[in-house]
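Coordinate analysis (summary)
Here are the chains, one letter per residue:
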Amino acid sequence: MTPSCEQLGEKKQTTLPFGACGRQAATYQVRSGPLRLEFRETRAAQDFFSTCRSPEACCELTLQPLRRFPLDAAIIFSDILVVPQALGMDVTMVPGKGPSFPEPLREERDLERLRDPATVASELGYVFQAITLTRQRLAGRVPLIGFAGAPWTLMAYMVEGGGSSTMAQAKRWLYQRPQASHRLLHILTDALVPYLVGQVSAGAQALQLFESHAGHLGPQLFNKFALPYIRDVAKRVKVGLQEAGLAPVPMIIFAKDGHFALEELAQAGYEVVGLDWTVAPEKARDRVGKTVTLQGNLDPCALYASKEEIGQMVEQMLNDFGPQHYIANLGHGLYPDMDPEHVGAFVDAVHKHSRLLRQN
């Protein structure tokens, strides 16, 4: 049984596939970095995107943390940049550097190189296969979350050519080529909608949209080039699920460093708003209201602390958020050098202190 919490208004309920109501669920995203020897061994045999294209490997990497930690949900192993790949762009993962686009988008005419976004879902069949296989092997133990990158974040990588501390090239497009920027963002939205609907059709029980580069935009640029597409994805995915005869699933929006837009994100059509560690829980709750489910937001680097300190920080975090409309998580992904024992301490502390909160 999955708990149900009243959200988005009186008498309207959204069933979340993890303990968002009544207790704090412990979830985290393992794809941010290898934590276990088995993970490294699985990856060693092939490059990163070859791993992403292997349903068997993705299934195994999704299941590994569940064998070690009593987590309340799993998130499929994949990467947000499989979408630019499916649009015809070459993307490689460079050890020690991260993603690299040998031929990024530099001029508006470069948009002509992109494939028809209607073909993206068929290009990403391997993701759907991984989801279906993982759902079968989970056998109902925990729900499975699918995900994708939001349009602005994907655009930033495609124009910048990789990671950047400023995303200056991508932002230059927004200022100098606003029409071309909107054209690209529309292309990405058109690609993402059937991709996310396809993930649910394959077995995903919730969806998360990552706006990882929200912090590179101030409120004005965010409201013009990011938020409209975040809203459009949610609206069109919900319509797409209905048209496909699929049951609705909870949708989560996580906009890294997007604290300036919390109110807007809470009204963007998502059941859950993820928070990074720069936002105070009490202030976030005051800003979004009592009916929006929040997710987060322990600083991942807190896992470098002692187990005792981790427990204390988790207790404080849970007290600050309160027991209702909340999913306990880190405020971002794990780092490769983090001690799995400390990850376990985080998960155990969430379960321990959530039980105590329910008793009080």
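First, a word on scope: everything that follows refers to the structure included in this document. (Residues numbered from 1 in each chain as written. Predicted model: local features only at pLDDT ≥ 70, side-chain atom pairs only at ≥ 80, totals over all residues. Heavy atoms only, no water.)

Some remarks on the pairing of strand β8 (residues 251-255)
With respect to burial, β8 is a largely interior element, 5 of its 5 residues being buried. Here β8 shows no split at all, with M251, I253 and A255 on one side and I252 and F254 on the other all buried. Both strand β7 (residues 206-211) and β8 contribute to a ladder of 5 bridges, which runs parallel. In the sheet register, F210 faces β8, and the bridge partner there is F254. Pairing of β8 with strand β9 (residues 272-274), which is carried by 3 bridges, proceeds in the parallel orientation. What sits directly across from I252, in β9, is V272. (Buried < 20%, exposed > 50% of the residue type's maximum accessible area, 1.4 Å probe, protein only. Helix = DSSP H or I, 4+ residues; strand = E, 2+ residues; numbered from the N terminus. Pairing = 2+ DSSP bridges.)

Some details on the nonpolar core
Residues V83, M158 and F346 are the most contacted members of the largest nonpolar core, which totals 124 residues. With 13 residues, the top contributor of residues to this core is helix α9 (residues 178-202). Those residues in contact with M158 that sit more than four places away from it in its chain are P84, L87, M89, F101, P104, L105, L114, L184 and L188. (Core = buried A, V, L, I, M, F, W, Y, C linked by side-chain atoms within 4.5 Å. Contact = heavy atoms within 4.5 Å.)

Side note on helix α13 (residues 281-288)
Among all positions of α13, only P281, A284, R285 and V288 are buried. All buried residues of α13 lie within an arc of 100 degrees about the axis, which places them on one face of the element. Facing away from the buried side of α13 by over 90 degrees, the exposed positions are K283 and D286. Here the buried face of α13 lies against α12 (262-266), β10 (293-298) and α14 (307-321). (Arc of directions from axis to C-beta.)

What about the packing of helix α3 (residues 55-68) against helix α6 (residues 125-138)?
Where α3 meets α6, the axes come as close as 8 Å, and the angle between the chain directions of the two elements is 45 degrees. Of the possible angle classes, the one that applies to α3 and α6 is oblique. Crossing of α3 against α6: the hand is right-handed. For the pair α3 and α6, the contacting residues are P55, E56, C58, C59, T62, L63 and L66 in the first and Y126, Q129, A130, L133, T134, R137 and L138 in the second. Residues of the contact of α3 with α6, tallied by class, amount to 9 nonpolar, 3 polar and 2 charged. (Axes fitted to C-alpha atoms, helices over the stretch in contact; angles between N-to-C directions. Parallel < 35°, antiparallel > 145°, perpendicular 65-115°, else oblique. Left-handed = near helix turned anticlockwise from the far one by under 90°. Nonpolar A, V, L, I, M, F, W, Y, C, P; charged D, E, K, R; others polar.)

Things to note about the packing of α6 against α9
For any two helices packed against each other, one specifies the inter-axial angle together with the distance between the axes. Viewed as axis vectors pointing N to C, α6 and α9 meet at an angle of 30 degrees, and their least axial separation amounts to 8 Å. Relative to α9, α6 is oriented roughly parallel. The hand of the α6/α9 crossing is right-handed. In contact with V127, F128, I131 and T132 of α6, α9 contributes Y195, G198, Q199 and A202. Among the residues making up the contact of α6 with α9, the classes are represented as 5 nonpolar, 3 polar and no charged.

Regarding the sheet that holds strand β11 (residues 326-330)
If you walk across this open sheet you meet the 7 strands as β3-β6-β7-β8-β9-β10-β11, and the pairing is parallel. The open sheet has two edge strands, β3 (74-75) and β11, and neither has a second partner.

Remarks on the pattern of salt bridges
Any two side chains of opposite charge can pair if their charged atoms end up close together. In this structure the tally under the stated criterion is 13 salt bridges. With a closest N to O distance of 3.5 Å, R236 and D232 form a salt bridge. Placement of the pair is R236 and D232 together in helix α11 (residues 227-243), with a separation of 4 residues, close to one helical turn. The class for R236 is partly exposed, based on a relative accessible area of 29%. Note that E341 and K307 form a salt bridge whose closest N and O atoms lie 3.9 Å from each other. Separated by 34 residues along the polypeptide, E341 in helix α15 (residues 340-359) and K307 in helix α14 bring together distant segments of the chain. (Salt bridge = Lys/Arg side-chain N within 4 Å of Asp/Glu carboxyl O.)

Here we look at the packing of aromatic side chains
Per the stated rule, a full pass over the model turns up 7 aromatic pairs. A centroid spacing of 5.1 Å and a plane angle of 85 degrees characterise the contact between F48 and F49, whose relative ring orientation is edge-to-face. With respect to burial, F48 and F49 carry one shared label: buried. Taking 5.5 Å as the distance between ring centres and 85 degrees as the angle between the ring planes, the aromatic pair formed by F222 and F260 counts as edge-to-face. Of this pair, F222 sits in helix α10 (residues 219-225) while F260 is found in the loop between β8 and α12, placing the two residues 38 residues apart along the sequence. Assessed through its relative accessible area of 0%, F222 is described here as buried. The class for F260 is partly exposed, based on a relative accessible area of 23%. Pairwise contacts between aromatic rings join F48, F49 and F77 into one cluster. (Phe/Tyr/Trp six-rings, centres within 6.5 Å; stacked < 30°, edge-to-face > 60°.)

A few points about unusual backbone geometry
Backbone torsion omega between G296 and N297 reads -5 degrees, so that peptide bond is classified as cis. With respect to the helices and strands, the residue N297 is situated in strand β10. Positive phi, close to 60 degrees, is recorded for D257, a residue that is not glycine. With respect to the element layout, D257 can be found in the loop between β8 and α12. One non-glycine residue, H325, adopts positive backbone phi at about 55 degrees. For H325, a relative accessible area of 13% corresponds to the buried category.

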